[in-house]
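# Descriptive analysis of the structure
The lines below spell out each chain.
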Amino acid sequence: NGPSTSYQRGSLLGVLSFLSAILAAGSVAMIGFTSFTAFNPPGWLRITTMAPLPVAIILSVGFGLAGLKRGPGRIWAIAGLVLAGLSVIAFIVTLNVG
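Given the structure is predicted, the values throughout are model-derived calculations rather than measurements.

### Here's the deal with a nonpolar patch on the surface
A cluster of nonpolar residues, Phe36, Ile78, Val82, Leu86, Ile89, Val93 and Val97, forms a patch on the protein surface that exposes about 640 Å² of accessible area. Residue position: valine 82 is located in helix α4 (residues 74–97).

Next up, the structure:
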């Protein structure tokens, strides 16, 4: 007897929220790194690291909200939502400072 399908799905949604938030945080970090330092990567690297930001934030919030409804992945979902929120705040600060 293994875990129920809803148990596995809830855990998966929370983890997907957290992974999407990590991708969003990485995109914001790359934007900040290239904006405030002399680092000038090639265009393909800029695009592949910065372009996923809006999609990653939307996915993180979507998976996070769905993961909050089920118990096992709840902590992952909360962590994903917090990290996505911090990424949005960091992006806004980067726009206002840079």
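### Topic: the nonpolar core
Ranked by size, the top nonpolar core spans eight residues in total: Ala24, Val28, Met30, Ile31, Met50, Leu53, Ala56 and Ile57. For this core, the secondary structure elements donating two or more residues are α1 (5–36) and α3 (53–68). In this structure, alanine 56 is in contact with Ser20, Leu23 and Ala24, ignoring residues within four places of it in sequence.

### Section: the environment of leucine 19
Locating leucine 19 in the fold gives a position in helix α1. Residues leucine 19 and glycine 80, 61 residues apart in the sequence, show an inter-C-alpha distance of 7.3 Å.

Rules and cut-offs
- Residues numbered from 1 in each chain as written.
- Predicted model: local features only at pLDDT ≥ 70, side-chain atom pairs only at ≥ 80, totals over all residues.
- Heavy atoms only, no water.
- Patch = residues over 30% accessible without salt bridge, like charges linked within 9 Å, V, L, I, M, F, W, Y side chains within 5 Å.
- Areas by Shrake-Rupley, 256 points an atom, 1.4 Å probe, with all protein chains shown as cover.
- Salt bridge = Lys/Arg side-chain N within 4 Å of Asp/Glu carboxyl O.
- Helix = DSSP H or I, 4+ residues; strand = E, 2+ residues; numbered from the N terminus.
- Core = buried A, V, L, I, M, F, W, Y, C linked by side-chain atoms within 4.5 Å.
- Buried < 20%, exposed > 50% of the residue type's maximum accessible area, 1.4 Å probe, protein only.
- Contact = heavy atoms within 4.5 Å.

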